[in-house]
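# Summary of structural features
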Amino acid sequence: MIDEILDESENPPVIILQADHGPRNTFIDGKFPTEDMFKEGMRILNAIYIPGQKYDLLYDSITPVNTFRVVFNTLFGENYDLLEDTNYNSFEFAPYKFTDITDIVN
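Residues numbered from 1 in each chain as written. Predicted model: local features only at pLDDT ≥ 70, side-chain atom pairs only at ≥ 80, totals over all residues. Heavy atoms only, no water.

## So, the environment of Gln53
- By the secondary structure assignment, Gln53 is in the loop between strand 2 (46-49) and helix 3 (64-76).
- Overall, Gln53 belongs to the exposed group, its relative accessible area being 63%. (Helix = DSSP H or I, 4+ residues; strand = E, 2+ residues; numbered from the N terminus. Buried < 20%, exposed > 50% of the residue type's maximum accessible area, 1.4 Å probe, protein only.)

Following this line, the structure appears as structure tokens:
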């Protein structure tokens, strides 16, 4: 599909393939997830194709909140501030109670 988009586009496209989370962290045998499980859950697919290979504003710890900001700043001369790359977790028994796990997963 991506090859077809690249081959048939009149203008060079921007292509972003992005997942919102890895495997979900759940209780296992009544115990909280391990640090490795949290890390696995925060690993996502974040594949970005930018025409002209203008990737200098991308960085290893980028989170989805900044993907489009970087693309817009790079290609359209925008000046969006980057937000803090923070990672949160919640459990199904308290889905709206978010816990910052950035220090665990980085």
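## Quick notes on a nonpolar patch on the surface
- Taken together, the side chains of Met1, Ile2, Ile5, Leu6, Leu17, Leu45, Tyr49 and Tyr55 make up a nonpolar region of the molecular surface, amounting to roughly 690 Å² of accessible area.
- Tallying contributions element by element places helix 1 (residues 2-8) first for the nonpolar patch, with 3 residues.
- Locating Ile2 in the fold gives a position in helix 1. (Patch = residues over 30% accessible without salt bridge, like charges linked within 9 Å, V, L, I, M, F, W, Y side chains within 5 Å. Areas by Shrake-Rupley, 256 points an atom, 1.4 Å probe, with all protein chains shown as cover. Salt bridge = Lys/Arg side-chain N within 4 Å of Asp/Glu carboxyl O.)

## Regarding the packing of aromatic side chains
- Using the criterion set out here, one finds 4 aromatic pairs in the structure.
- Their ring planes at 50 degrees and their centres at 6.1 Å tell us that Phe68 and Phe72 sit as a pair that is tilted. Of this pair, Phe68 and Phe72 both sit in helix 3, 4 residues apart, which is roughly one turn of the helix.
- Given a relative accessible area of 32%, Phe72 falls into the partly exposed group.
- When the centroid spacing of 5.9 Å and the interplanar angle of 50 degrees are considered together, the rings of Phe72 and Phe76 count as tilted. Pair noted here: Phe72 and Phe76 are both in helix 3, with a separation of 4 residues, about one helical turn.
- Assessed through its relative accessible area of 52%, Phe76 is described here as exposed.
- What links up through ring pairs into an aromatic cluster is the set Phe68, Phe72, Phe76 and Tyr80. (Phe/Tyr/Trp six-rings, centres within 6.5 Å; stacked < 30°, edge-to-face > 60°.)

## Here's the deal with a negative patch on the surface
- A surface patch of negative charge is lined by Asp3, Glu4, Asp7 and Glu8.
- Within the secondary structure layout, Asp7 lies in helix 1. (Lys, Arg positive; Asp, Glu negative; His and termini not counted. Charge placed at Lys NZ, Arg CZ, Asp CG, Glu CD.)

## Regarding helix 3
- Along its 13 residues, helix 3 runs 19 Å from first to last C-alpha, staying within 8% of the 18 Å computed at 1.5 Å per residue.
- The complete set of buried residues in helix 3 reads Asn66, Thr67, Val70, Val71, Asn73 and Thr74. Along the axis of helix 3, the buried residues cluster in a sector spanning 165 degrees; they form a single face.
- Residues of helix 3 that are buried sit in contact with strand 1 (15-18) and strand 2.
- The positive-phi residue at the C-terminal boundary of helix 3 is Gly77, with phi of around 65 degrees. (Expected span 1.5 Å × (residues − 1). Arc of directions from axis to C-beta. Contact = heavy atoms within 4.5 Å.)

Everything listed is a geometric property; what it means functionally is a separate question.
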